[in-house]
Amino acid sequence: MKDFSELLLVSDFDRTLTDRNSRIPQANLDAIADFKARGGLFTLATGRSIPMFEAQAALVPSNAPLILYNGAAVYDGRTLSQRVLLPDGPGLLRYLVENFPDLRVEVQGEQYHHLLGEDAMRDQFYRSNRAPSIHFTLSEPPANIMKIAVYGTFYDDTVRQFFAGSAEELARLDEARARISRDWPDVVVDRSAPRIIDIQHRSVSKGAAARALASRLGRRLVCVGDASNDLSMLREGDLSFVPADCEEAVAKLGFTQVCPCDEGAIAGVVRALAAL
């Protein structure tokens, strides 16, 4: 039986550990249990915040600290470490409101998602996903800003809505991403889904956080992800995998492909590791 005691397996959450309906396939849960029983360490590197992840945490069979906020923080279930703050978060918020008044802006904090402006469907989204949220104004912005997220229109209360949009809306988000990157060189602007822009300190990445965690734990790093905000860790991994239905731009980069997320991509990774 293959021994995994030298490995740390770090997975993205949405559409990597989960399927396209935000459920974790049983095949993944069984494979992770087997991986851990053979000495492996398993965790997640996700763009999600603590508030957005808490409702899912009990379902995730991790046995190593979690990498949250795209790598801006590491979470052991009680405390955050490695917290990296945005430079001039309040100034960036003002810039976003002035330049992109049609887009939704929020700060993803440690206890709440801080929502700017009114949007009844967005409020319903956070209630349905059991993620605590509060509203704020530019005159009283949140303190200690690690991550700002920019969205298009909220259509319903599911995570699925962020993975498809009209050509016009996606072009608008592409334009916003390019302008923010140009005007704010001290931040990194990435897409955790086609309709979400994540803005963080330029030193933040899933890859840097995953490598630091693997070094601390004395393990070889195995990474799996599906989207552009996973590229840093896919490139950093000693071994890296992508689901067969990952983003097209990611698929073209030549990482080892396993089965689609609906069929249990993490189970596919564990099978591939066992065959090495």
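Look up a bit, the structure's there.
Residues numbered from 1 in each chain as written. Predicted model: local features only at pLDDT ≥ 70, side-chain atom pairs only at ≥ 80, totals over all residues. Heavy atoms only, no water.

Draft legend 1. Representation of helix α4 (residues 89–99) in the model. Taken together, the buried positions of α4 are occupied by G89, G91, L92, L93, Y95 and L96. Of the surrounding secondary structure, the elements contacted by the buried residues of α4 are β6 (104–108), β8 (133–136), β9 (148–151), α6 (167–183), β10 (187–193) and β11 (196–201). Sitting at the head of α4, D88 places a side-chain oxygen 3.0 Å from the backbone nitrogen of G91. (Buried < 20%, exposed > 50% of the residue type's maximum accessible area, 1.4 Å probe, protein only. Helix = DSSP H or I, 4+ residues; strand = E, 2+ residues; numbered from the N terminus. Contact = heavy atoms within 4.5 Å. Polar contact = N/O pair within 3.5 Å; in protein donor to acceptor, adjacent residues only side chain to side chain.)

Draft legend 2. How the structure looks around empty space enclosed by the protein. Tallying each qualifying case throughout the model produces one cavity of 30 Å³ or more. A volume near 300 Å³ is recorded for the largest cavity. If you trace the largest cavity, you find 24 residues lining it, with D14, G47, R48, S192 and I196 closest to the centre. Looking at the lining of the largest cavity, the elements that each hand over two or more residues are α5 (120–128), β10 and β11. (1 Å grid on protein atoms, 1.4 Å probe; cavity = no way out; pocket = protein on both sides within 12 Å on 5 of 7 lines; lining within 4 Å. Points joined across faces, edges and corners; volume = space filled by probe spheres on them.)

Draft legend 3. How the structure looks around helix α2 (residues 26–37). Taking 1.5 Å of rise per residue, 12 residues should cover 16 Å, and α2 covers 17 Å from first to last C-alpha, within 8% of that figure. For α2, the complete set of buried residues consists of N28, A31, I32 and F35. For α2, the angular spread of the buried residues around the axis is 100°, confining them to a single face. Lining the buried residues of α2 we find β1 (7–11), α1 (13–17), β2 (41–44) and α10 (265–275). One or two steps after α2, the chain reaches G39, where phi turns positive at roughly 95°. (Expected span 1.5 Å × (residues − 1). Arc of directions from axis to C-beta.)

Draft legend 4. Focus on the pattern of salt bridges. Taken as a whole and assessed by the stated rule, the structure comprises 20 salt bridges. Taking the shortest distance from any N to any O, the salt bridge between E169 and R195 comes out at 2.7 Å. Note that E169 is positioned in helix α6 and R195 in the loop between β10 and β11, a separation of 26 residues in sequence. By relative accessible area, E169 is classed as buried at 12%. By relative accessible area, which is 0% here, R195 ends up buried. Between R177 and D190 there is a salt bridge, and its shortest N-O distance comes to 3.6 Å. Pair noted here: R177 is in helix α6 and D190 is in strand β10, with a separation of 13 residues, a long-range link. The exposure class assigned to D190 is buried, which follows from its relative accessible area of 17%. (Salt bridge = Lys/Arg side-chain N within 4 Å of Asp/Glu carboxyl O.)

Draft legend 5. Representation of the sheet that holds strand β5 (residues 80–81). Within the open sheet, the three strands sit side by side as β3-β4-β5. Their pairing is antiparallel. Bordering the open sheet on either side are β3 (66–68) and β5, each of which pairs with just one other strand. Both β3 and strand β4 (residues 73–75) contribute to a ladder of three bridges, which runs antiparallel. For I67, the partnering residue across the bridge sits in β4 and is V74. (Pairing = 2+ DSSP bridges.)

Draft legend 6. Local environment of unusual backbone geometry. Even without being a glycine, R15 presents a positive backbone phi close to 65°. With relative accessibility at 11%, the residue R15 sits in the buried group. Even without glycine at this site, S22 takes up a positive phi of about 70°.

Draft legend 7. Broad picture of the packing of α4 against α6. Interaxial distance between α4 and α6 falls to 12 Å at its minimum, and their mutual angle equals 140°. Relative to α6, α4 is oriented oblique. In the crossing of α4 with α6, the sense of the turn from one axis to the other is right-handed. When α4 is examined against α6, the residues Y95, L96 and N99 are found in contact with a partner set consisting of R172, R179, I180 and D183. Tallied by class, residues from the contact of α4 with α6 come to three nonpolar, one polar and three charged. (Axes fitted to C-alpha atoms, helices over the stretch in contact; angles between N-to-C directions. Parallel < 35°, antiparallel > 145°, perpendicular 65-115°, else oblique. Left-handed = near helix turned anticlockwise from the far one by under 90°. Nonpolar A, V, L, I, M, F, W, Y, C, P; charged D, E, K, R; others polar.)

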